Amino acid sequence: MNIELKDINQETTTRTVLVVEDIPSQYLLLATILQRNHYNVLRAANGMEAVNMVKDQPVHIVLMDIEMPVMNGFTATREIRKFNFQIPIIAITASIFSSYEENAYSCGCNEFLTKPINLKSLITTVEKWSLKFVV
């Protein structure tokens with residue numbers, strides 16, 4: 001479920017999370033969890049969409065899948081960091097390669113989570129980072 005810009009208000013404590021995920025079922029799982037915890041949720045299906053949405057819409061935190069078509073999460077994070085150093089970006093991947101975590105931090109991610117997602121860890125991590133950035 002996407003929300004419109006007019007629904008986001010800086011005076012509210014509701015935070016907007018951009019979920020960058022190309023697999024619809026993975027997005028729906030994350031969106032459902034976040035919405036049940038009172039977050040507004042936006043979706044980008046690839047890294048290029050994510051970069052444009054962070055430029056154009058007020059977003060408080062980004063959940064960034066790594067393996068996606070068009071532009072992967074590492075490249076998208078580097079692009080976002082060119083114009084926004086503050087927004088928290090949490091990398092999410094199903095990869096078993098240990099280099100992914102190192103690469104995620106080196107390109108500018110603030111946190112790293114692996115799939116399958118532990119629901120409690122997801123909410124704890126989002127809560128930790130979502131209040132650190134004001135749109």
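Residues numbered from 1 in each chain as written. Predicted model: local features only at pLDDT ≥ 70, side-chain atom pairs only at ≥ 80, totals over all residues. Heavy atoms only, no water.

Undergrad: Where do I start with the side chain of Arg-81 in this structure?
TA: By secondary structure assignment, the location of Arg-81 is in helix α3 (residues 73-81). Lacking a salt bridge, the buried Arg-81 has Glu-111 as its closest oppositely charged neighbour, with an N-O distance of 11 Å. Within the structure, Arg-81 has its side chain in polar contact with the backbone oxygen of Phe-85 (distance 3.4 Å). When sequence neighbours within four positions are dropped, the list of residues in contact with Arg-81 reads Gln-86, Ile-87, Pro-88, Ile-89, Cys-107, Gly-108 and Asn-110. (Helix = DSSP H or I, 4+ residues; strand = E, 2+ residues; numbered from the N terminus. Buried < 20%, exposed > 50% of the residue type's maximum accessible area, 1.4 Å probe, protein only. Lys, Arg positive; Asp, Glu negative; His and termini not counted. Salt bridge = Lys/Arg side-chain N within 4 Å of Asp/Glu carboxyl O. Polar contact = N/O pair within 3.5 Å; in protein donor to acceptor, adjacent residues only side chain to side chain. Contact = heavy atoms within 4.5 Å.)

Undergrad: When you look at the packing of aromatic side chains in this model, what are you seeing that I'm missing?
TA: The geometry of an aromatic ring pair comes down to the distance between the two centres and the angle between the two planes. Applying the stated criterion to the full structure yields one aromatic pair. Considering the side-chain rings of Phe-74 and Tyr-100, the 5.4 Å spacing of their centres and the 65 degrees angle between planes classify their relative orientation as edge-to-face. Of the two residues, Phe-74 sits in helix α3 while Tyr-100 sits in helix α4 (residues 99-107), which places them 26 residues apart along the sequence. (Phe/Tyr/Trp six-rings, centres within 6.5 Å; stacked < 30°, edge-to-face > 60°.)

Undergrad: Is there a simple way to explain the nonpolar core in this structure?
TA: Side chains that are nonpolar tend, in soluble globular proteins, to be buried together. Judged by nonpolar contacts, the single largest core of 25 residues is most densely connected at Leu-18, Val-20, Val-62, Met-64, Ile-80, Ile-87 and Ile-89. When contributions to this core are tallied by element, the ones reaching two or more residues are β1 (16-20), β2 (40-44), α2 (47-56), β3 (61-65), α3, β4 (89-93) and α4. Ranked by the residues each element gives to this core, the list is headed by α2, at four residues. When sequence neighbours within four positions are dropped, the list of residues in contact with Val-62 reads Leu-18, Val-20, Val-54, Ile-87, Pro-88, Ile-89 and Ile-90. (Core = buried A, V, L, I, M, F, W, Y, C linked by side-chain atoms within 4.5 Å.)

Undergrad: Explain the side chain of Arg-15 to me, please; I cannot follow it from the model alone.
TA: Of note, Arg-15 is situated in the segment before β1. Among buried Asp, Glu, Lys and Arg side chains, Arg-15 stands out as unpaired, with Glu-127 the closest opposite charge at 11 Å. Only 3.0 Å separates the side chain of Arg-15 from the side chain of His-60, close enough to count as a polar contact.

Undergrad: What is the right way to read the packing of helix α1 (residues 24-36) against helix α5 (residues 119-130) from this model?
TA: Each pair of packed helices gets described by two things: the angle between the helix axes and the distance between those axes. Where α1 meets α5, the closest approach of the two axes is 11 Å, and the angle between their N-to-C directions is 60 degrees. On the basis of the axis angle, α1 is oblique to α5. Both α1 and α5 take part in a crossing whose hand is right-handed. Here α1 contributes Leu-30, Ile-33 and Leu-34 to the contact with α5, which in turn contributes Leu-119, Leu-122, Ile-123 and Val-126. Here the contact of α1 with α5 is composed, by residue class, of seven nonpolar, no polar and no charged. (Axes fitted to C-alpha atoms, helices over the stretch in contact; angles between N-to-C directions. Parallel < 35°, antiparallel > 145°, perpendicular 65-115°, else oblique. Left-handed = near helix turned anticlockwise from the far one by under 90°. Nonpolar A, V, L, I, M, F, W, Y, C, P; charged D, E, K, R; others polar.)

Undergrad: Teacher, can you tell me more about the environment of Cys-109 here?
TA: With respect to the helices and strands, Cys-109 occurs in the loop between α4 and β5 (111-114). Through-space distance from the C-alpha of Cys-109 to that of Ala-91 is 6.2 Å; in sequence the pair is 18 residues apart.

Shape is all these values report; function is a separate question.
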